[in-house]
Amino acid sequence: MTERRAILSGSPFEDQIGYARAVVDGEWVHVSGTTGFDYTTMTISDDVVEQAEQCLWNIGTALAEAGCGFADVVRVRYLLPDRADFEPCWPVLRRCFGEVRPAATMIECGLADPRMKIEIEVYARRPATG
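The following refers to the structure shown. (Residues numbered from 1 in each chain as written. Predicted model: local features only at pLDDT ≥ 70, side-chain atom pairs only at ≥ 80, totals over all residues. Heavy atoms only, no water.)

1. Focus: the overall build of the protein
1) Next: Counting secondary structure elements, the protein contains three helices and eight strands.
2) Next: Going from N to C terminus, the protein has its helices and strands arranged as β-α-β-β-β-β-α-β-α-β-β.
3) Next: For the protein, whose C-alpha radius of gyration is 14 Å, the value lies close to the compact-globule estimate of 14 Å for 130 residues.
4) Next: Seen through its C-alpha atoms, the protein measures out along the principal axes to roughly 45 × 35 × 20 Å.
5) Next: Accessible area for the protein stands at about 7200 Å²; split by element, carbon and sulfur atoms hold 51% of it.
6) Next: The positive charge centre, built from 13 side chains, and the negative charge centre, built from 20, are 5 Å apart in the protein. (Helix = DSSP H or I, 4+ residues; strand = E, 2+ residues; numbered from the N terminus. Rg over C-alpha atoms; globule rule 2.2 N^0.38 Å. Areas by Shrake-Rupley, 256 points an atom, 1.4 Å probe, with all protein chains shown as cover. Lys, Arg positive; Asp, Glu negative; His and termini not counted. Charge placed at Lys NZ, Arg CZ, Asp CG, Glu CD.)

2. Description of the state of the cysteines
1) Next: With the rule as written, the count across this model stands at zero disulfides.
2) Next: Free cysteine: C96, not disulfide-bonded; nearest cysteine sulfur from C55 at 11 Å.
3) Next: When its relative accessible area of 19% is taken as the criterion, C96 is described as buried. (Disulfide = S-S within 2.5 Å. Buried < 20%, exposed > 50% of the residue type's maximum accessible area, 1.4 Å probe, protein only.)

3. Details of the sheet that holds strand β2 (residues 22-25)
1) Next: Here six strands make up an open sheet; going across it, the order is β1-β2-β3-β8-β6-β7 and the pairing mixed. Edge positions in the sheet fall to β1 (4-7) and β7 (103-108), since each has one partner strand and no second. Each neighbouring strand pair of the sheet contributes to a mean axis angle of 10°, computed without reference to strand direction.
2) Next: Where strand β6 (residues 73-80) lies against strand β8 (residues 119-125), six bridges are found, and the strand directions are antiparallel. When the bridges of β8 are listed, Y78 appears paired with I120.
3) Next: Helix-sheet contacts for helix α2 (residues 48-66) involve β1, β2, β3 (28-35), β6 and β8, and the interaxial angle to β3 is about 155°.
4) Next: Packed on one face of the sheet, helix α3 (residues 86-97) meets β6, β7 and β8 and runs near 160° to β6. (Pairing = 2+ DSSP bridges. Axes fitted to C-alpha atoms, helices over the stretch in contact; angles between N-to-C directions. Contact = heavy atoms within 4.5 Å.)

4. Some details on the side chain of N58
1) Next: Looking at where N58 falls in the secondary structure, it is placed in helix α2.
2) Next: For N58, the side chain forms a polar contact with the main-chain oxygen of F37, separated by 2.9 Å. (Polar contact = N/O pair within 3.5 Å; in protein donor to acceptor, adjacent residues only side chain to side chain.)

5. Details of α3
1) Next: For α3, the full list of buried residues reads F86, C89, V92, L93, C96 and F97. Each buried residue of α3 sits inside an arc of 125° when the element is viewed along its axis, so together they form one side. Turned more than 90 degrees from where α3 packs its buried face, R94 and R95 sit exposed. (Arc of directions from axis to C-beta.)

Here you go:
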């Protein structure tokens, strides 16, 4: 039977909406769209680059709990309300994905909270063990 388990970040949104930060399904890790909230303080920066950094920290934490990391990411989606905010984030994104080169898509769309300037979703494949 394939292992399936939820990874929670402690964000109140997970309980309020009914989802997990990530789901491990066998060798695959599906990380939900993740915003720039610091879930320990429930604060969010006004700066899109700082939000991108926090998104990646939140995602990295979930990936580590799943037993993998950014090197295992095969797909990434970037969602931004303002496409002009995407390019300033490139250096931050390149630090995590520049060598990995996952398949990627950027979508301009509204997000759930007007303070959110970027949301990032990833899929990763866990390394084989033993």
